[in-house]
Amino acid sequence: MKFADLHLHTHFSDGTFSPEELSLRAREAGLSTVALTDHDTLEGCPRMREACAKEGLEFVPGTELTADTAGQEVHVLGYWIDENSPALQSELARFQKVRHTRIEEMVARLNACGVPLRAETVFEIARCNSPGRPHLARALVEGGYANDFDHAFDRFLKKGRAAWVPKARMKAADAIRLIHDAGGAAVLAHPGLYRNDGIIPRLAAEGLDGVECWHTKHSGEASANYVRIATSLNLATTGGSDCHGMAKGQPLVGTVRIPTAHVEAIHARRPSRLPAAP
Ligand code: AMP
Ligand code: ZN
Ligand code: FE
Ligand code: FE
């Protein structure tokens, strides 16, 4: 049987691996298909596609959008998106700009509570167009303001802590439409993290194509629950590790994997491209 990991990040957002390193590790983990799902960007896709070809892996281009449904932050994965879709590109550029402003706001809050970090330092660490809290966490550790990555979140960056600033979100219905308009399939990422299963039927009514049932942070019981919910709503079932690099000395890539039959099933959900009217 062949396996896929459909949730992976590189240094084009808040992961630490390059596309080349990630695809090498994916092959070593025995995968045959991988999706790149960097936050709010598709910039890593051309390099990842090339690196996957070298490693003999099937590549699924994707992204992970931050969205909102009924006041709940949700992440929506978009797969097989047309990387050159102007509407999607302009929306991603808008979100990347907002991410930069958010880092500046979070740094200002840190400064106000006596941590003399500079936004430029965070941007130098991030070296990407989609900076986020993990880059700020690394800057706090490097500057000696936190013992480690998790401590930085606990002390400053978690929701409700001194430096936390909410992230701009698009409406989930808009995220789904944007993905469909760019020819892709839309999947709800890690529903187990929201503890709000009532959002799934609502998103299904808004056109969602699938649910990420298998994820690093889902227990076996949670996965079975999401398979049940997805199946009852006629949604596809997907999964991925959400690898951001090394975790406790191990790369997460491939630790959550799904048979490639699931990949074919979600691929079949993409909107059919009707021929242009004469
Ligand atoms: P952002 O997109 O800037 O809101 O950052 C979200 C990312 O930060 C997630 O993808 C996680 O990788 C990471 N993250 C969120 N909360 C925590 C936490 N409490 N501890 C460690 N990492 C976290
Ligand atoms: Zn991330
Ligand atoms: Fe996520
Ligand atoms: Fe992710």
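In case you missed it, the structure is sitting above this.
All values reported here derive from a predicted model rather than from experimental measurement.

Trainee: I'd like a rundown of the overall build of the protein, residues and numbers included.
Mentor: When its secondary structure is counted, the protein shows 10 helices and 11 strands. Across its three principal directions, the C-alpha atoms of the protein cover 60 × 45 × 40 Å. Within the protein, buried positions represent 53% of all 278 residues. A separation threshold of at least 6 residues defines the contact pool for the protein, and within that pool the share at least 24 residues apart is 70%. Summing over all exposed atoms, the protein offers an accessible surface of approximately 12,700 Å²; the carbon and sulfur share of this is 50%.

Trainee: Outline the coordination of the iron ion (ligand 4), listing residues and values.
Mentor: Within the protein, the atoms that donate to the iron ion (ligand 4) are His7 (NE2), His9 (NE2), Glu64 (OE) and Asp242 (OD), at distances of 2.1 to 2.3 Å. Every donor counted, the four donor atoms about the iron ion (ligand 4) form angles of 75 to 160° at the centre, which fits irregular coordination. Separating the iron ion (ligand 4) from the zinc ion (ligand 2) is a gap of 4.3 Å. Of the two residues, His7 is situated in the loop between strand S1 (3-5) and helix H1 (19-28) and Glu64 in strand S3 (residues 58-69); the sequence distance between them amounts to 57 residues. Looking at His7, the relative accessible area reads 0%, which means it is buried.

Trainee: Report on the coordination of the zinc ion (ligand 2), specifying residues and quantitative values.
Mentor: For the zinc ion (ligand 2), the full set of protein donor atoms is Asp14 (OD), Asp14 (OD), His39 (NE2) and His244 (NE2), and the range of their distances to it is 1.9 to 2.5 Å. Counting the intervening residues between successive donors of the zinc ion (ligand 2) yields the motif D-x24-H-x204-H. Separating the zinc ion (ligand 2) from the iron ion (ligand 3) is a gap of 5.7 Å. With Asp14 in the loop between S1 and H1 and His39 in the loop between strand S2 (33-36) and helix H2 (45-55), this residue pair connects regions lying 25 residues apart in the sequence. By relative accessible area, which is 10% here, Asp14 ends up buried.

Trainee: Summarise the packing of helix H4 (residues 119-126) against helix H5 (residues 133-142); cite the residues concerned and give the values.
Mentor: In contact at an axis separation of 9 Å, H4 and H5 are set at 110° when each is read in the N-to-C sense. Comparing their axes, H5 and H4 come out roughly perpendicular. At the point where H4 passes H5, the crossing takes the right-handed sense. Counting all contacts with H4, which are made through Val122, Ile125 and Ala126, the residues of H5 involved are His135, Leu136, Arg138, Ala139 and Glu142. Residues that form the contact of H4 with H5 fall into these classes: five nonpolar, one polar and two charged.

Trainee: Now, about the site of ligand 1: what can you tell me, with residues and values included?
Mentor: Near ligand 1, the surroundings consist of 13 residues, among which Arg102, Arg133, Pro134, Phe153 and Lys167 are the closest. A distance of 2.8 Å separates an oxygen atom of ligand 1 from a polar backbone atom of Arg133. Note that an oxygen atom of ligand 1 is positioned 2.5 Å from one of the side-chain N or O atoms of Lys167. Here ligand 1 has 500 Å² of accessible area as a free molecule, and 73% of this is covered by the chains. Sorting the residues of the shell around ligand 1 by element identifies helix H3 (86-112), H5 and helix H6 (149-157) as the ones contributing at least two each. The biggest single contributor to the shell around ligand 1 is H6, with three residues. Taken together, the residues that form the shell around ligand 1 break down as three nonpolar, three polar and seven charged.

About the cut-offs
Residues numbered from 1 in each chain as written. Chains lettered and ligands numbered in written order. Predicted model: local features only at pLDDT ≥ 70, side-chain atom pairs only at ≥ 80, totals over all residues. Heavy atoms only, no water. Helix = DSSP H or I, 4+ residues; strand = E, 2+ residues; numbered from the N terminus. Buried < 20%, exposed > 50% of the residue type's maximum accessible area, 1.4 Å probe, protein only. Contact = heavy atoms within 4.5 Å. Areas by Shrake-Rupley, 256 points an atom, 1.4 Å probe, with all protein chains shown as cover. Donors = N, O, S within 2.8 Å, 3.2 Å for Na, K, Ca; no water. Tetrahedral: all angles 85-135°; square planar, octahedral: opposite > 155°, others 65-115°. Axes fitted to C-alpha atoms, helices over the stretch in contact; angles between N-to-C directions. Parallel < 35°, antiparallel > 145°, perpendicular 65-115°, else oblique. Left-handed = near helix turned anticlockwise from the far one by under 90°. Nonpolar A, V, L, I, M, F, W, Y, C, P; charged D, E, K, R; others polar. Near = heavy atom within 4 Å. Polar contact = N/O pair within 3.5 Å; in protein donor to acceptor, adjacent residues only side chain to side chain.

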